[in-house]
Amino acid sequence: STEVAEMIEDVGVELIGSNELAEMTDDAGDYAFPDMTSGGDYTINPTKDDNHLNGVSTLDLVLIQRHILGLQALNSPYKIVAADINKDKSVTSVDLIELRKLILGIYTTFPDNNSWRFVDSDYTFIDPINPLSEQFEEAYNIIGLSSDMLIDFVGLKVGDVNNSAVTNYLNSNTVDNRSSEQFVLEVGSFD
């Protein structure tokens, strides 16, 4: 789920260390690997890299710019990580340029980042004001599986710092049409 508890569907979840095929989360954000061998070592790796424009708007540009200028800091470590568009572990004017290129249609995807990033939900940022200085885990390692486990992640949509991304089919009625297609309407009189 996101930091505001919206469940994320269609996240590919890979179980490294197993012959299990990757799972996709359902509309409730759930996934399961029921046939894992006890005692095994595994890595749970969630990924989602589609619809880079989802949730991205000029408002995000304004909020990131205000953060960079020190006028109004982004109020969560997840938003700061989402603002690191080029994934260079800092939020700078270069991130604004990359985000503008996406909004203007120069890019269709982020050249150096996936559209979504995931952080282990049990991870506590040591410095929430500067989370990019930390080596937070984007996968979960299981050493010697001994019982059923519930492994959750917090998903953050890169470039979306106001949490407006559509995360599942249930809240898809909020999708904005950002197509660059034009509709021409000609009006005339009929005699």
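Residues numbered from 1 in each chain as written. Predicted model: local features only at pLDDT ≥ 70, side-chain atom pairs only at ≥ 80, totals over all residues. Heavy atoms only, no water.

Caption draft 1: View of the packing of aromatic side chains. Applying the stated criterion across every chain, the model contains five aromatic pairs. When the ring of Tyr31 is compared with that of Phe33, the centres are 6.0 Å apart and the planes differ by 65 degrees; the resulting orientation is edge-to-face. For Phe33, a relative accessible area of 10% corresponds to the buried category. Geometrically, the ring pair formed by Trp116 and Phe118 is stacked, given 6.4 Å between the ring centres and 20 degrees between the ring planes. Exposure remark for Trp116: the relative accessible area of 3% places this residue in the buried category. (Phe/Tyr/Trp six-rings, centres within 6.5 Å; stacked < 30°, edge-to-face > 60°. Buried < 20%, exposed > 50% of the residue type's maximum accessible area, 1.4 Å probe, protein only.)

Caption draft 2: Structural context of the environment of Val4. Tracing the backbone shows Val4 in the segment before strand 1 (12-16). Judged by relative accessible area, Val4 falls into the partly exposed class, the value being 45%. (Helix = DSSP H or I, 4+ residues; strand = E, 2+ residues; numbered from the N terminus.)

Caption draft 3: The arrangement of unusual backbone geometry in detail. The backbone of Ala5 shows a phi angle near 65 degrees, a positive value even though the residue is not glycine. In this model, Asp10 sits at a positive phi of 60 degrees, which is unusual for a non-glycine residue. Mapped onto the elements of the fold, Asp10 is located in the segment before strand 1. By relative accessible area, Asp10 is classed as partly exposed at 41%.

As far as function goes, none of this settles anything; it's purely spatial.
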